[in-house]
Structure formats: C-alpha cells, structure tokens
Amino acid sequence: MAITERNHQELARLLDQARLEAREVPPLTRTHAELPLRDAYAIQAEGIRLRIEHGERVVGLKMGLTSEAKRKQMNLDSPVYGVLTDRMQIPAGGVFRLQSSIHPKIEPEIAFRTSRVLRGRITREEAFNACASAMAAMEILDSRYVDFKYFSLPDVVADNSSSSMFVLGTTERPPRELDLARLQMSMEVNGEQVQSALSSAISGDPLLSVVQLCELLDARGESLPAGSIVLAGAATAAHMLKPGDQVRLTVDGLGSVSVSVSP
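Residues numbered from 1 in each chain as written. Predicted model: local features only at pLDDT ≥ 70, side-chain atom pairs only at ≥ 80, totals over all residues. Heavy atoms only, no water.

Enquirer: Can you help me understand the overall build of the protein in this one?
Expert: In terms of helices and strands, the protein carries 6 helices and 13 strands. Against the globule reference of 18 Å for 263 residues, the protein gives a C-alpha radius of gyration of 17 Å, in line with a compact fold. Once the C-alpha set of the protein is aligned to its principal axes, its extents read approximately 50 × 45 × 35 Å. Within the protein, the fraction of its 263 residues that count as buried is 55%. (Helix = DSSP H or I, 4+ residues; strand = E, 2+ residues; numbered from the N terminus. Rg over C-alpha atoms; globule rule 2.2 N^0.38 Å. Buried < 20%, exposed > 50% of the residue type's maximum accessible area, 1.4 Å probe, protein only.)

As structure tokens, then:
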C-alpha cells in the first residue's frame, strides 16, 4: 500500500507525541513494512514542522551512521541525516534531564559551523572553505522505538535519525589550523575512559560528512544554509547514560566539553 501525505502527518504526530511523552512505540515498519527512504525523510520533515509549530528554530543538521562502529552497533549500513533545533542544544557544562528521555546514549563527535550556503554535490575543498570553524561536540541519541536496536534505515530517518540533544565545545578553530582526520578523541564517564578513537573514524575524515550531507540534501532538492551547525557523526559506538553521570570529551586541538546527567 502506497504511503500518502496523510500517512506522513499521522506517523510524524505519533513519533512527536512519543518524544514529548518519553514513551516507546513500535518501529514504523511493523505496520508499513515497505516504507521507502524518501517517505521516511518526508515523515522526518513533517516532524520538524511540528517542532517549529511548538516554537523551535532549526539551527543545523546532524549526520548519523558515519562510523563503522556505529553502523555495526545499530545493524545498519549507510549514513543518514537529521535536523537540529535550538531547544536540542545543552550549554557546555550543562545538565541533561534524564526524566525526559527513554533510553539515551551519548557519543563523541566533531562539529562544524558553516559560513556560506552549500548546494548540490560538493568537493571536500568546497566543504573545507565553507566551514568557518570546527569544535568538539557530543550528541545524545534517544530513539522513540522499543529497545533502540535492530530496526530499519527508514525507521531511523523518520525518527529524526534518533537525535535528542547535543552539546558543543566552546573552543572553535578554523579547519585550516587542524589535521582534521587525525584528531585524538577521548570520552570519559565519571573519570574513566569509555571510548577513544581518531577523528578519521568519522567518514574517514569529518569533512567528508559535510560532503555526504550535501549529497543527501541535494537528492531532496535542499541545500545547507550558511550559519548551520553540522554534527559530523560519531567516532565510536554510543554509550548508555545513567543518572548522575559526568561525561567529558577531549579532542586534540579543540579542548574539552562536558555534560552532566540529572540524578
């Protein structure tokens, strides 16, 4: 059975209510087994429209499934994107409210801030020239689906690629000052290292995530606006959060960024 615009709206409302009420729902492919990826992105877009209606403002995009470790963890095989809003950002050193989540996980990332519009299929050089700064970042994931594992790529995309919250480091440096593919990244929880990787684990080079993002956007007739925050994707598998956790990510040349989890 074909997916209609009305289906997009109904499924987006289902996921939005699950997010607002912090409750799990079955993957959409349980009832729409042949959900195409293009329809999943349409459901995602409708979900973002609902968030804008709630007063949120789009500030950027996130790439997902950019590392082999992450794809293996989720049993999925290609990168995807999601949308970031202002209410999803936690200030550096801030607190994540566990009560408003379902099964949150955190992962270490590199983020970029763009200075110009990027449109169509671009080169790494074009991405390099369009990114005004790079910074350490962490993303908190929180799928609305039961068990947060073993669902399909369309399920992930429709659920805004499992995005929940993000935190950005306060040290921003121009990409030209960094060896972006060779930054050591170390994430600690309560003083103990839980994840470590080189930034090359992100798409082979975090800037290539920007290239891939523009390709995905172009397929939908969209572009990457100037002034966007772009989360390049996780360098490692995600780590499950627990009450009271203190999380710190340190990245060569970009300093540290931390977030606390409410008791």
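Enquirer: Quick question: what am I supposed to make of the nonpolar core here?
Expert: The nonpolar side chains of a soluble globular protein tend to be buried with one another. In terms of nonpolar packing, the biggest core is built from 81 residues, with Phe96, Phe112, Met138, Val210 and Leu224 touching the most fellow members. Here the element with the most residues in this core is strand S6 (residues 131-141); it accounts for 8 residues. Beyond its immediate stretch of four places on either side in the chain, Leu224 contacts Leu61, Thr114, Arg116, Val117, Leu118, Val210, Leu213, Cys214, Leu217 and Val230. (Core = buried A, V, L, I, M, F, W, Y, C linked by side-chain atoms within 4.5 Å. Contact = heavy atoms within 4.5 Å.)

Enquirer: Explain the pattern of salt bridges to me, please; I cannot follow it from the model alone.
Expert: Here the idea is simple: oppositely charged side chains can pair when their charged atoms come close. According to the stated counting rule, one finds 14 salt bridges in the structure shown. Across the pair Asp159 and Arg144 runs a salt bridge whose closest N-O atoms are separated by 2.9 Å. With Asp159 in the loop between helix H5 (153-158) and strand S7 (163-168) and Arg144 in the loop between S6 and H5, this residue pair connects regions lying 15 residues apart in the sequence. Of the two residues examined, Asp159 and Arg144, each falls in the buried class. Overlapping salt bridges, with partners in common, bring together Glu46, Arg49 and Glu53 in one network. (Salt bridge = Lys/Arg side-chain N within 4 Å of Asp/Glu carboxyl O.)

Enquirer: In this structure, what is going on with the pairing of strand S5 (residues 105-114)? I would like to understand it.
Expert: Working note: regular strand, side chains alternate between the two faces of the sheet. Summarising burial for S5: 9 of the 10 residues are buried, a large majority. Two strands pair when backbone bridges link them, and S5 and S6 are joined in this way by 10 bridges, in the antiparallel orientation. If you follow Lys105 over to S6, its bridge partner there is Leu141. Relative to strand S11 (residues 239-240), S5 runs antiparallel, the two being bridged by 2 bridges. (Pairing = 2+ DSSP bridges.)

Enquirer: What's the story with the state of the cysteines in this structure? I'm lost.
Expert: Think of a disulfide as a covalent bridge from one cysteine sulfur atom to another cysteine sulfur atom. Scanning the entire structure with this criterion turns up 0 disulfides. Distance from the sulfur of Cys214, which forms no disulfide, to the nearest cysteine sulfur (Cys131) is 8.6 Å. We classify Cys214 as buried; its relative accessible area is 2%. (Disulfide = S-S within 2.5 Å.)

Enquirer: Would you mind showing me how to read the side chain of Ser164 here?
Expert: By secondary structure assignment, the location of Ser164 is in strand S7. In contact with Ser164, not counting residues within four places along its chain, are Met88, Phe96, Ile140, Leu141 and Asp142.

Enquirer: Help me understand the sheet that holds strand S13 (residues 255-261) in this model?
Expert: Consider a sheet: its strands pair through backbone hydrogen bonds, and that pairing is either parallel or antiparallel. The mixed open sheet is built from 5 strands, whose spatial order is S4-S13-S12-S8-S9. Both outer strands of the open sheet, strand S4 (95-96) and strand S9 (192-198), are each paired with one neighbouring strand and no more. Note: S4 against S13, 2 bridges, orientation parallel. The residue bridging Val95 from the neighbouring strand is Ser260, located in S13.

Enquirer: How should I be thinking about the environment of Ala219 in this particular structure?
Expert: Position of Ala219 relative to the elements: it lies in helix H6 (residues 206-219). Along the chain, Ala219 and Thr85 lie 134 residues apart, while their C-alpha atoms are 22 Å from each other.

Enquirer: Would you explain unusual backbone geometry in this entry?
Expert: A negative phi angle is the norm for most residues apart from glycine, just as the trans form is the norm for most peptide bonds. The phi angle at Leu65 is positive, at roughly 60 degrees, despite the residue not being glycine. Mapped onto the elements of the fold, Leu65 is located in the loop between strand S1 (58-64) and helix H3 (68-74). Its relative accessible area of 8% is what places Leu65 among the buried residues.

Enquirer: Teacher, can you tell me more about the environment of Ser200 here?
Expert: Relative to the assigned elements, Ser200 resides in the loop between S9 and H6. For Ser200, a relative accessible area of 30% gives the class partly exposed. A C-alpha to C-alpha distance of 36 Å links Ser200 and Arg30, two positions 170 residues apart in sequence. In this view, Ser200 contacts Ala181 and Asp205; residues no more than four positions away in its chain are not counted.

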